[in-house]
Amino acid sequence: MKKYLFLTVCLSLFIGISKAKEKPNIVIIFVDDYGWADLGYRNNEFYTPNIDKLCKEGVDFTRAYICTPTCSPSRASILTGKESIRMEMPRHITHEDEEGRNTEKYNYWPNDPVNRNSINWLPLDEITYAERLKELGYYNMFIGKWHLGHEPYHPIHQGFDEQYGTSNFGHPKNYYYPFLNNPNPLKDEAEDGEYLTDILTNKAEDFIKKYDKDQPFTLSLWYYNVHGPHIGRKDLIQHYRDLGWEERYAQYGAMVSAMDESVGRVRKALEQKGIAENTVILFTSDQGGYFTNFPLRGKKNGGNTLGEGGARVPFIMYYPGVTKAGEKCDTPIQTIDVYPTLVEIASGNECTDNQIQGKSLMPLVRGEEFPERDLFFFRSYENQYAAIISGEWKLIKYHTGPSQLYNVTKDMGEVSNLIYNKPGIAKELEERLKNWEVEAVPPIVEQKN
């Protein structure tokens, strides 16, 4: 009997380990300020062969959006599956001391017409995808930019088992060593002449190569690239100069190519480890690009961040054996959908978390019906502050002045404002946006004197 029980226990353990190994590893590549149009397959002057290859092998979500296209809120929303305004985060976290910390609960923006408060960290009681995946047996590695609070709120306190290259700052002071102000987590990891993007990729390669745990992993590789200061890798700049690009654009192009090279290196590391066919890759950006996003209008900051060029981002998903090569998905999605998608991939079951607004993308990937829904946007920097997308229609709202209405399916460049041509549609969207604001947007906390 004891022998039988022993064999039963061993068999159960073996089955458990086998199931764990069957679960796919997950790599989330999150690029900072990378524009929707800054891809070789959308603009052939950009040299991005590795991202182009990923797109050819996976699904390209052509209408992917950030619900608050700004550094910190975009990170909070992808982590939690929640619209960031619900967490009192309509703006990025500010740095009040020389070490990048802000220990006050809220920051206030001088140019915000309503002086709305914005929280300076991701609250620890928020549930992140790392915490949910840990419950499902995953080991969570975080590399790169955080910008969701100082040390007590760093990744290792938000469900991640390890972190690397994570500072309190939202961007480096230089992409060449020493990279960051103090505290500088990379001061002993590199030397003069080394490029920040490569250092983070080195760590990703090393993590993949040495990983030996009997559980699947998630690797969240959140690059500082291509956020300013725009300093390209020196060996890549000339390619863009030769195209006749102005120097600042050549620097940016070199940053894009350095990041693309890193995507290729990560994929090669997965192949050499023998796990490429059991690894899901998600590739996206935290907001629209700093420069032109033609044919889209709008960009990071500048008064039209809720325009397509500011809120629409690249989004590619590659799930070997599941996604269809070269598929294009035109259904509007948001990065809040990453959380429930990861939960469904990791568990094999539909995500039932009721605190999130995101929806799993797996039905779209499988070619199943995906429920129609409105997408909401909220931001607090300037006069333009809220928007709604419903199918082909998009309404943008301002604190002062009339709203704007666009058919972003027929007019992706938002050239023809139809606010007076389609009053019925405009009124309906205004009402739905207003109702959402009442339900989702917290009251303003007055600034202390």
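Caption draft 1: View of the overall build of the protein chain. From N to C terminus, the protein chain includes 11 helices and 17 strands. Radius of gyration (C-alpha) of the protein chain: 22 Å, near the 22 Å computed for a compact globule of 449 residues. In terms of principal-axis extent, the alpha carbons of the protein chain reach across some 80 × 55 × 50 Å. Each of the 449 residues in the protein chain was classed as buried or not, and the buried ones make up 59%. Partitioning the contacts of the protein chain with sequence separation of at least 6, the portion at a separation of at least 24 is 66%. Element-wise, carbon and sulfur atoms account for 50% of the exposed surface of the protein chain, whose accessible area totals about 19,000 Å².

Caption draft 2: Region of the structure containing the pairing of strand β6 (residues 139-144). Summarising burial for β6: 6 of the 6 residues are buried, a large majority. With 6 bridges connecting them, β6 and strand β8 (residues 217-222) associate as parallel partners. If you follow Asn 140 over to β8, its bridge partner there is Thr 218. Where β6 lies against strand β7 (residues 162-164), 3 bridges are found, and the strand directions are parallel. Across the sheet, residue Phe 142 finds its bridge partner in β7, namely Gln 163.

Caption draft 3: Representation of the side chain of His 150. Mapped onto the elements of the fold, His 150 is located in the loop between β6 and β7. Non-local contacts of His 150, meaning those with residues more than four positions away in its chain, are made with Arg 101, Asn 102, Thr 103, Trp 121 and Asn 168.

Caption draft 4: View of the sheet that holds strand β1 (residues 25-31). Reading across the sheet, the 8 strands line up as β7-β6-β8-β1-β9-β11-β2-β12 and stay open at both edges, with mixed pairing between neighbours. Each edge of the sheet is formed by a strand with only one pairing partner; in this case those strands are β7 and β12 (327-329). Averaged over all pairs of adjacent strands, the angle between their axes in this sheet comes to 15°, without regard to strand direction.

Cut-offs used in this document
Residues numbered from 1 in each chain as written. Predicted model: local features only at pLDDT ≥ 70, side-chain atom pairs only at ≥ 80, totals over all residues. Heavy atoms only, no water. Helix = DSSP H or I, 4+ residues; strand = E, 2+ residues; numbered from the N terminus. Rg over C-alpha atoms; globule rule 2.2 N^0.38 Å. Buried < 20%, exposed > 50% of the residue type's maximum accessible area, 1.4 Å probe, protein only. Contact = heavy atoms within 4.5 Å. Areas by Shrake-Rupley, 256 points an atom, 1.4 Å probe, with all protein chains shown as cover. Pairing = 2+ DSSP bridges. Axes fitted to C-alpha atoms, helices over the stretch in contact; angles between N-to-C directions.

These values are about where atoms sit, not about what they do.
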